[in-house]
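# Fold and geometry: a report
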Amino acid sequence: MCIRDRYMGYPNIPIETRPLYHPTSQLKQGSIRLWVEIFPESDSKKCREILDIQPKPKQDYELRCVVWECQEVPIMDIEETVDIYVSGTLSDGQKQKTDVHYRSQTGVGSFNWRFVFPIQLPLKPHTISFQIWDKDIASKNDYIGEVTFQFEEEARLAFNNDVSVKIAVSYTHLR
């Protein structure tokens, strides 16, 4: 009978903890926890199959974000308007931007714009930043504000269970 079978359900499985050393150092480089078992080959067929503990290989996913609208965007131009666009930047450096909502006099911009970022999971860190800008023709665009979302838990859920995960985020105030 294998150790797994003998000790299943018992709180005190005979696990060894041993220090790890590198030949060039006297300092402990970590530790390993394990159990060791020796038994006749005839008994080995009674054991369950060896578990595959290889990490799951990276998989291709898409991160999809929809920008519906912006509200309360400050007026930035001398004509008392703002030309709003939104840029999205993923933690791995991928960047996309919406079209421009020209000449908003109320600080509201309507987009219905979808960002689609190809990603590989697992990915670290799991963040996406959205920035609101005022588009200018004759000078540099004006930065208005930014918000960053972490989606580590949702990415882990999607990767570990091979499922799609929806993240519901409504209006968020920029910093």
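Everything in this summary refers to the structure shown in the same document. Since the structure is predicted, the reported quantities are computational estimates derived from the model, not experimental observations.

## Observations regarding the packing of aromatic side chains
- In the structure shown here, the tally under the stated rule is five aromatic pairs.
- Ring centres of phenylalanine 115 and phenylalanine 130 lie 5.9 Å apart, and the angle between their planes is 35°; on these two criteria the pair is classed as tilted. Of the two residues, phenylalanine 115 sits in strand E7 (residues 109–121) while phenylalanine 130 sits in strand E8 (residues 127–134), which places them 15 residues apart along the sequence. Across this residue pair, the class does not change: phenylalanine 115 and phenylalanine 130 are buried.
- Between phenylalanine 130 and phenylalanine 149 the ring centres are 6.0 Å apart and the planes differ by 65°, which places this aromatic pair in the edge-to-face class. Remark: phenylalanine 149 occurs in strand E9 (residues 142–150) and phenylalanine 130 occurs in strand E8; sequence separation between them is 19 residues.
- Accessibility expressed as a relative area gives 12% for phenylalanine 130, which makes it buried.
- Judged by relative accessible area, which is 24%, phenylalanine 149 ranks as partly exposed.

## Let's talk about the nonpolar core
- Among the nonpolar cores identified, the biggest contains 25 residues, and Leu63, Ile119, Leu121, Ile128 and Phe151 are the most heavily contacted of them.
- Looking at this core, the elements that each hand over two or more residues are strand E3 (59–70), strand E4 (82–90), E7, E8, E9 and helix H3 (152–161).
- Each residue touching isoleucine 119, except ones within four places of it in the same chain, is listed here: Gln59, Asp60, Tyr61, Glu62, Leu63, Leu90, Gln94 and Phe151.

Calculation criteria
Residues numbered from 1 in each chain as written. Predicted model: local features only at pLDDT ≥ 70, side-chain atom pairs only at ≥ 80, totals over all residues. Heavy atoms only, no water. Phe/Tyr/Trp six-rings, centres within 6.5 Å; stacked < 30°, edge-to-face > 60°. Helix = DSSP H or I, 4+ residues; strand = E, 2+ residues; numbered from the N terminus. Buried < 20%, exposed > 50% of the residue type's maximum accessible area, 1.4 Å probe, protein only. Core = buried A, V, L, I, M, F, W, Y, C linked by side-chain atoms within 4.5 Å. Contact = heavy atoms within 4.5 Å.

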